[in-house]
Amino acid sequence: MSSSDIFIGEVIGTAVLILLGGGVCAAVTLKRSKAQNAGWLAITFGWGFAVLTAVYMTGSLSGAHLNPAVTVGIAVKDGDWGDVPVYFAGQLLGAMIGAVLVWIAYYGQFQAHLTDPEITSTPHEEGMVDQRSAPAAGPVLGVFSTGPEVRNPLMNLATEIIGTVVLVLAVLTQGLNADGKGLGTLGALITALVVVSIGLSLGGPTGYAINPARDLGPRIVHALLPLPNKGGSDWGYAWIPVAGPLIGGALAAGIYNLAFA
């Protein structure tokens, strides 16, 4: 795979991942959406199908990492870090593009939601934090990025690490293509089902980012978009869904090298 193939594949794949994953969050959250209040099952399966679609679409171009934690896991496993910066750049740009596309697709719903007095005047769970330690999150931040239900940095970090270890270990043990550089055809299906399982079983505490680009790229977009009454982007928490998955990806590779290699 050339650097250009890797970059293009990761941009397209991560954009599709966030468009469909963020799209289900928007569908469930926003007023005037036909799927409003569809619930956690819709979100977990929506993200699983998003992974499946994005991986099948771009696996032949870049190996469809679509996640810096997966890239780190494969790099630690193989000891080859040469393409890691290209993967990271494509993933972050793709995540930001995907978040912008969610805003465009749901533009009318964002406007209706964020100008509704019932929404803008009511405390939101994401914003119910100790104001001495973190800013209140906005009423639509959950469409773009994750946040904890109980704000405890060590607990939240541990949750993200554990979930990512499961994801990356599943990729490394079952999902790699013949070259070992990304997800194969069967690996795409396995990984999508693992993402659904993680969401159902481990997603409750933090919203299961398990992907630094998935959280950071859309959070940047949330901060930049001209959304009325959007509230804060909760930058005090933002390091956790970046650091946790990266640590988890490296740990998963270490476990793989010790137990399976």
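All residue numbers here refer to positions counted from 1 along the written sequence of the relevant chain. Per-residue local features of the predicted model are confined to residues with pLDDT of at least 70, and side-chain atom pairs are confined, for both listing and counting, to 80 or more; whole-chain, interface and lining totals are unaffected and use all residues. The basis for every side-chain value is the complete set of non-hydrogen atoms in the structure, without hydrogens or water.

> I tried to follow the overall build of the chain on my own but got confused; where do I start?
Tallying secondary structure elements over the chain gives eleven helices and zero strands in all. For the chain, the sequential pattern of α-helices and β-strands runs α-α-α-α-α-α-α-α-α-α-α. For the radius of gyration, the atom set is restricted to C-alpha positions; the globular benchmark scales as 2.2 Å times the number of residues to the power 0.38. Its C-alpha atoms give the chain a radius of gyration of 18 Å, near enough to 18 Å, the size a compact globule of 261 residues would have. With the principal axes as the frame, the chain shows a C-alpha extent of 55 × 35 × 30 Å. Looking at the 261 residues of the chain, the share that counts as buried comes to 52%. Across the chain, every contact between residues at least 6 apart in sequence was considered, and the portion connecting residues at least 24 apart equals 79%. All accessibility values rest on the Shrake-Rupley procedure with a 1.4 Å probe; residue burial counts only the protein chains present in the view. For the chain, the exposed surface amounts to about 11,000 Å²; the carbon and sulfur share of it is 66%. Between the mean site of the 10 positive side-chain charges and the mean site of the 15 negative ones, the chain shows a separation of 7 Å. We count a stretch as a helix when DSSP gives it H or I for four or more residues in a row; a strand needs E for two or more, and each element gets its number in order from the N terminus. Each residue is assigned to one of three classes by its accessible area relative to the maximum for its type, calculated with a 1.4 Å probe on protein chains only: buried under 20%, partly exposed between the two thresholds, exposed over 50%. Residue contacts follow a heavy-atom distance rule, with two residues in contact if any of their heavy atoms lie within 4.5 Å. Charge counting treats Lys and Arg as positive and Asp and Glu as negative, with His and both chain ends excluded. Taken as the charge centre is NZ of Lys, CZ of Arg, CG of Asp or CD of Glu, depending on the residue.

> Is there a simple way to think about the side chain of R219 in this case?
Inspection of the secondary structure assignment puts R219 in helix 10 (residues 212-224). For R219, a relative accessible area of 0% corresponds to the buried category. Beyond its immediate sequence surroundings of up to four residues, R219 is in contact with L141, S145, T146, S233, D234, W235, Y237, A238 and P241.

> What is the right way to look at the nonpolar core in this model?
The set of buried Ala, Val, Leu, Ile, Met, Phe, Trp, Tyr and Cys residues whose side-chain atoms join them within 4.5 Å is what this entry labels a nonpolar core. Membership of the largest hydrophobic core comes to 58 residues, with the highest contact counts inside it found for L17, W47, F110, V140, V143, F144 and L227. No other element matches helix 8 (residues 153-175), which puts nine residues into this core. For F110, the residues in contact, after removing those within four places along its chain, are L30, V102, W103, V140, V143, F144 and L227.

> Hey, could you run me through the environment of V102 in this one?
Take V102: it is sitting in helix 4 (residues 84-105). Here the alpha-carbon distance between V102 and V143, two residues 41 residues apart in the chain, equals 8.9 Å.

> Is there a simple way to explain the confidence of the model for the chain in this structure?
Low pLDDT means the predicted atomic positions in that stretch should not be read closely. Scored from 0 to 100, pLDDT reflects the predictor's confidence in each residue. Chain-level pLDDT for the chain is 92 on average; 93% of the residues reach the 70-or-more range. In the predicted structure, residues 125-135 sits below a pLDDT of 50 and forms 17 contacts with residues beyond four places in sequence or in another chain.

> What exactly am I supposed to notice about a nonpolar patch on the surface here?
Patches in this entry comprise residues that are over 30% relatively accessible and not in a salt bridge; like charges within 9 Å are linked, as are nonpolar side chains (Val, Leu, Ile, Met, Phe, Trp, Tyr) within 5 Å. Basic side-chain nitrogens of Lys or Arg form a salt bridge, by our definition, when they fall within 4 Å of a carboxyl oxygen of Asp or Glu. Side chains of F7, I8, I12, M57, L93, I97, L101 and I104 sit close together on the surface and give an oily, nonpolar patch of about 650 Å² of accessible area. Mapped onto the nonpolar patch, the elements with two or more residues apiece are helix 1 (3-29) and helix 4.

> Looking at this structure, how should I read the environment of G147?
Secondary-structure assignment places G147 in the loop between helix 7 (141-144) and helix 8. Judged by its relative accessible area of 22%, G147 is partly exposed. Distance in space between the C-alpha atoms of G147 and L227 is 19 Å, their sequence separation being 80 residues. If sequence neighbours within four positions are ignored, G147 has contacts with P205, T206, G207 and Y237.

> What is the right way to look at the pattern of salt bridges in this model?
Note that side chains of opposite charge can pair when their charged atoms are close. Evaluated as defined, the whole model comprises five salt bridges. Here D234 ties to R151 by a salt bridge, and the two come within 2.7 Å at their closest N and O atoms. You can see D234 sitting in the loop between helix 10 and helix 11 (240-259) and its partner R151 sitting in the loop between helix 7 and helix 8, a full 83 residues away along the chain. On the accessibility criterion, D234 (2% relative accessible area) is buried. We classify R151 as partly exposed; its relative accessible area is 26%. Here D215 and R219 are joined by a salt bridge, their closest N and O atoms 2.7 Å apart. Highlighted residues: D215 and R219, both in helix 10, separated by four residues, approximately one helical turn. The burial state of D215 is the same as that of R219; both residues are buried. Several salt bridges share partner residues, and in doing so they unite K31, D116 and E118 into one network.

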